[in-house]
Structures are given as C-alpha cells and as structure tokens.
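Next come the chains, spelled out residue by residue.
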Amino acid sequence: MKLHILIKTALVASSVGLTAPALAADSINGNWITEEKDAVVKISKCGATVCGRIHKYLVTPPNGVNQKDVNNPNKKLRSRKLLGTAVLTGFKKDGKKWRGRIYDPKTGKSYRSEVILTSNNRLKVKGCIAFICQGQNWSRAR
C-alpha cells in the first residue's frame, strides 16, 4: 500500500515537473527585442492584464535617452520620457492569442492589437485598423 502511494506521488511530482516548464514556455512575459532592433520591450503582468513597456534602448533615439513622447495626441503626456512608457496595454489571453492595444510612439497613434507566441519562440505583434493589420516579429532578449 505504501509503495503504491509512493509511486503515485512520484508520478504526480514528475508530471508537474514536466508541465510547469511547458506552461512557462507559452508565456509572452519577458524581454523582447523589436523587429527594428531599436529597443527592448518588457512584457509583464499589469494588474488584471498584461502590458509591455519600453525597457531599454538598443539604438539611441533622435533626442537622446531622455527622448520625450512628443507625438502623443494628449498634450499633457508629451513631456513624459519614452523609456518606461507602456506600448502594449490591456492584453488578455484569448485562446492562443493575446489581445489589447499597441501604442506607436513614432506616430502617437494607438491601435487594436494582438500578439501570438510562435513555435520558434518569436512574438508576432500586430496592430490593426478595422481589418487592415500590420505586423512585426519580435525576438526574445537573452
């Protein structure tokens, strides 16, 4: 009887050990290098949703590392630094996709967005207006 419990416990423990990394691999959380390789976006939990903030510059912006959000349509936000600004907001999992909003600081525009973690561990990021979408492929930072 004790041997049966021990085997059952070992099987449960090993199956948990095998599924936990698989679940972690499906996460979009982490640091992602943009397709243009100009910045790293850190994706993590933000309250009840997931967001992505500009975490690090890989290429110095035109006005230096203290680049402001000069293209923001909200005049009050134009003086904030881009570093640390959320460019992905309100993302919630919807099947294999995550849906939310994406902000493009180069244009000051926000779009409906979806991201998908691909089988080769890249993040396919799309911004959409109506049914027209444009996308980028981000790679995981090491």
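Structure first, text after, so check above.
Below: a short report on this structure.

Cut-off values and rules
- Residues numbered from 1 in each chain as written.
- Predicted model: local features only at pLDDT ≥ 70, side-chain atom pairs only at ≥ 80, totals over all residues.
- Heavy atoms only, no water.
- Helix = DSSP H or I, 4+ residues; strand = E, 2+ residues; numbered from the N terminus.
- Buried < 20%, exposed > 50% of the residue type's maximum accessible area, 1.4 Å probe, protein only.
- Contact = heavy atoms within 4.5 Å.
- Areas by Shrake-Rupley, 256 points an atom, 1.4 Å probe, with all protein chains shown as cover.
- Phe/Tyr/Trp six-rings, centres within 6.5 Å; stacked < 30°, edge-to-face > 60°.
- Lys NZ or Arg CZ within 6 Å of the ring centre and 35° of its normal.
- Disulfide = S-S within 2.5 Å.

### Considering the overall build of the protein chain
Broken down by element type, the protein chain carries one helix and eight strands. Overall, the protein chain shows an N-to-C arrangement of helices and strands of α-β-β-β-β-β-β-β-β. Looking at the 142 residues of the protein chain, the share that counts as buried comes to 30%. Here the contacts in the protein chain between residues at least 6 apart in sequence split such that 35% fall between residues at least 24 apart. Element-wise, carbon and sulfur atoms account for 60% of the exposed surface of the protein chain, whose accessible area totals about 9600 Å².

### Re the environment of Arg122
Position of Arg122 relative to the elements: it lies in strand 7 (residues 122-129). As for Arg122 and Ser139, which are separated by 17 residues in sequence, their C-alpha atoms are 4.9 Å apart. If near-sequence neighbours (up to four positions away) are discounted, Arg122 is found in contact with Trp32, Ile116, Leu117, Trp138 and Ser139.

### Thoughts on the packing of aromatic side chains
What the rule picks out here adds up to zero aromatic pairs. One Lys or Arg, Arg80, reaches over the ring of Tyr103 and ends 6.0 Å from the middle of that ring.

### Here's the deal with the environment of Gln134
By the secondary structure assignment, Gln134 is in strand 8 (residues 132-140). Here Gln134 falls in the exposed class, since its relative accessible area comes to 68%. In this structure, the C-alpha to C-alpha distance between Gln134 and Ser113, residues 21 residues apart in sequence, is 9.6 Å. When sequence neighbours within four positions are dropped, the list of residues in contact with Gln134 reads Val125, Lys126 and Gly127.

### Description of the state of the cysteines
All chains considered together, the criterion is met by two disulfides. Here Cys46 engages in a disulfide with Cys51; their sulfurs sit 1.7 Å apart. Assessed through its relative accessible area of 5%, Cys51 is described here as buried. Bridging Cys128 to Cys133, the disulfide has an S-S length of 2.1 Å. Where Cys128 bonds to Cys133 through sulfur, the torsion about that S-S bond is close to 105°, and the disulfide is right-handed. By relative accessible area, which is 37% here, Cys133 ends up partly exposed.

### Looking at unusual backbone geometry
Even without a glycine there, the phi angle at Lys37 is positive, about 55°. Considering the arrangement of structural elements, one finds Lys37 in the loop between strand 1 (30-33) and strand 2 (39-46). Residue class for Lys37 comes out exposed when judged on its relative accessible area of 53%. A positive phi angle is found at Asn121, which is not glycine, with a value near 60°. With respect to the helices and strands, the residue Asn121 is situated in the loop between strand 6 (109-117) and strand 7.

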